[in-house]
Amino acid sequence: MSQKQDLYGVLAEFSSASEIYHACEKVRDKGFTHWDAHTPFPVHGLEKAMGLKPSKIPWIVLALGLSGATGGMTLQWWINTQAYPLVISGKPYFSWQAFVPVTFELGVLLGAFGAVFGMLFLNRLPMWYHSLFRSQRFERVTDDKFFISIEARDPKFDATATSKMLTELGATHVELVEQ
Amino acid sequence: METSVTLANLEERVDKRAPLVLGRETLSSVTDIVARPMEMATPNAWWICFLLALSGLGILGGSIAYLFWEGVGVWGLNNRVGWAWDITNFVFWVGIGHAGTLISAILFLFRQKWRTSINRAAEAMTIFAVICALIFPGIHVGRVWVAYWLFPIPNQMAMWPNFRSPLLWDVFAVSTYFTVSTLFWFVGLIPDIATFRDRSKGVRKFVYGLFALGWRGSHRHWLNYERAYLILAALSTPLVLSVHTIVSFDFATSQLPGWHATIFPPYFVAGAIFSGFAMVINLMIICRWVFKLEHLVTMRHFENMAKIILLTGSIVGYAYAMEFFIAWYSGNPYERYIFVSRATGPYAWAYWTMITCNVVIPQLFWVRKIRTNLWALFIISVFVNIGMWFERFVIIVTSLHRTFLPSSWAYFRPTIIDISTFIGSFGLFFTLFLLFIRFLPIVAIAEVKTVMPEADPHNHDNKEGAH
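Not measured: the values here are computed from a predicted model.

Cut-offs used in this document
Residues numbered from 1 in each chain as written. Chains lettered and ligands numbered in written order. Predicted model: local features only at pLDDT ≥ 70, side-chain atom pairs only at ≥ 80, totals over all residues. Contact = placed C-beta atoms within 7 Å. Helix = DSSP H or I, 4+ residues; strand = E, 2+ residues; numbered from the N terminus. Nonpolar A, V, L, I, M, F, W, Y, C, P; charged D, E, K, R; others polar. Axes fitted to C-alpha atoms, helices over the stretch in contact; angles between N-to-C directions. Parallel < 35°, antiparallel > 145°, perpendicular 65-115°, else oblique. Left-handed = near helix turned anticlockwise from the far one by under 90°. Expected span 1.5 Å × (residues − 1). Buried ≥ 20, exposed ≤ 12 C-beta atoms within 10 Å, placed from the backbone. Core = buried A, V, L, I, M, F, W, Y, C linked by C-beta atoms within 7 Å.

**Q** Would you explain the interface of chain A and chain B in this entry?
**A** Many authors give the size of an interface as the accessible area that is lost as the parts come together. In this assembly, 57 residues from chain A lie in contact with 56 residues from chain B. When residues of the side of chain A that touches chain B are traced back to their parent elements, those giving at least two are α2 (17–29), β2 (35–38), α3 (46–50), α4 (57–83) and α5 (100–122) of chain A. The element that contributes the greatest number of residues to the side of chain A that touches chain B is α5 of chain A, accounting for 13 residues. Class assignment of the residues belonging to the side of chain A that touches chain B gives a composition of 36 nonpolar, 14 polar and seven charged.

This is how it looks when you write it as structure tokens:
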């Protein structure tokens, strides 16, 4: 059984977006949980075929964007009323209207950080080593080939049966990938 | 053959969308086309351009070093005109950047799929133009060694910047704009750098692999990725409008006749998009020709951009007319005087250059034959950028050179250092742009694939193709 421990999973190659779409529907219906589809571009609606939940990114952006804006306004309030109160053009120390542009910019800045770094965090990137990179054929995932990977740790995984299933789903090539 | 393909792409038909990718390109041939500049032996033309650009960069470095050594007196500034080419160049370069964000963010939100072939190069243009822009306010402050006073950094003098000043808003707006544009660009690049990683070997594979962050096309990743990209577009849209609005506040919130106008924010934003699209056309015509991208960057793309230039150029022309109307209608003699002086005074030559290049020449784009002729597009776009540089020069210098007190009137003349710094900034821009087109994907590979028929998962289910 040592083979099972060294095995990352099985990688199946498909040659078109519609083939992988239908294959994903079947894999989803069989109840696999630790599996993924790999495509050269985002295939429209594939998340439905895979049964994935919507992304959590918007919440991260909202939280960071609001803290950016709040932080920006607080910074300007503190500087103009506490740290360095100075009468400028006879205006009140805290004339919030003049502080809107900087508040807005800081909200956008932190929101954008949330979108980019939140996306990388949720995707566990950067991850420069991954077992799938062992496969030579997998290099074409960024060109014109479509792949389904099913991990060995999936409770329903069985090296022979799962490979056979993927071939039946129309995979043009199926291989086992080591850890 | 080429003309018939081009025409097919330009036709407007009710029952069928025009194809965005021409020829019989497949997913893998699109990858090949975009990867070609990275894989081909460096063309001699690239080296010649690169050496020219590097010389320009050297001129910029020399001019700035001399400026730092001697002080801002090396520019042609005088007692009246304290802002001239420095701020003109700043606004000029920031404005050019705006078209890139319009293409990458606003057209994305409006689902304008034709943007996919040109958005990468336009975003790169944005970033490099903003780098050029950031130099000018940085070096014009006089005592550059205390330029960090622009930022709210705690210091031993317990002193803080004035948050009521539009000049400080500018610091926040332009630096946020630069940061967000760079992040947006990088996020778009990740899958395409992964493509380059998988096609190259040795050191290149390592370097591309480093920046691809281990991207493996996982759909669980694409899901977060697409959502993040959409949100970045949604954040960049108000951001880009705010940036040029705030740049225009630098003038509009002052009480100087010729600057103090509520029309400035929309007028500046339209002008920025106007000049930026002209620059995109110039750059894309050359890239398309050199790297044979005819099937990806089609005549339809150029025609669409020409239409945007026509629209924004007309908005700019309307704004010029409205400025004159308001000057007259306000009944303010100083405001009236400054506008009459713009058109008839010592800077009338600059004013009429601006009107010719920005208002008259772009109207040629009403004619379809001109909109779809690459030579005409290229030449008119050059005129637009000349005109838009003069617009900023006219606004800044004509308003400053004659004040309320006639005894202090003065005429501004640029020195050799003014000119060399401006030319040098083009050297910086083209150095960066040439490096970009040599080593990075100039077309968004993954995104172009999504607009091809092969990308539709129901392509084979319904051969008739309802859409």
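**Q** Hey, could you run me through the packing of helix α6 (residues 166–199) of chain B against helix α7 (residues 202–212) of chain B in this one?
**A** A pair of packed helices can be characterised by two numbers: the angle between their axes and the separation between those axes. Residues and elements named next belong to chain B. Remark: α6 packs on α7, axes separated minimally by 8 Å, with the N-to-C direction vectors making an angle of 155°. As the angle between them shows, α6 and α7 are arranged roughly antiparallel. In this structure, α6 meets α7 at a crossing whose hand is left-handed. Across the interface between the two elements, Ile190, Ile193, Ala194, Phe196 and Arg197 of α6 pack against Lys205, Tyr208, Gly209, Phe211 and Ala212 of α7. Residue composition of the contact of α6 with α7, by class: seven nonpolar, one polar and two charged.

**Q** Got a minute to help me understand α5 of chain A in this structure?
**A** Helical geometry: 3.6 residues make up each α-helical turn, so side chains three or four residues apart lie on a common side. Residue and element names in this part refer to chain A. In a regular helix each residue adds 1.5 Å, so 23 residues correspond to 33 Å; α5 covers 32 Å between its end C-alpha atoms and thus fits that length. The buried fraction of α5 amounts to 17 of the 23 residues, a majority that puts the element mostly inside the structure. Remark: Arg124 follows α5 within two positions and exhibits a positive phi of approximately 50°.

**Q** Honestly, the nonpolar core in this entry has me stumped. Any pointers?
**A** Note that soluble globular proteins tend to have their nonpolar side chains buried in a common cluster. Ile20, Cys24 and Ile148 of chain A together with Met125, Phe277 and Val280 of chain B are the most contacted members of the largest nonpolar core, which totals 177 residues. Broken down by element, this core gets its largest block of residues, 16 residues, from helix α8 (residues 219–252) of chain B. Beyond its immediate sequence surroundings of up to four residues, Cys24 of chain A is in contact with Ala37, Leu46, Ala49, Met50 and Ile148 of chain A.

**Q** Would you explain unusual backbone geometry in this entry?
**A** Note: most peptide bonds trans; most residues except glycine with negative phi. Here Leu125 of chain A and Pro126 of chain A are connected by a cis peptide whose omega angle stands at -5°. A positive phi angle is found at Ala158 of chain B, which is not glycine, with a value near 55°. Tracing the chain through its elements places Ala158 of chain B in the loop between α5 (119–139) and α6. Exposure remark for Ala158 of chain B: the 8 C-beta atoms within 10 Å place this residue in the exposed category. Backbone geometry places Leu213 of chain B, a non-glycine residue, at a positive phi of 60°. Within the element layout of this structure, Leu213 of chain B appears in the loop between α7 and α8.

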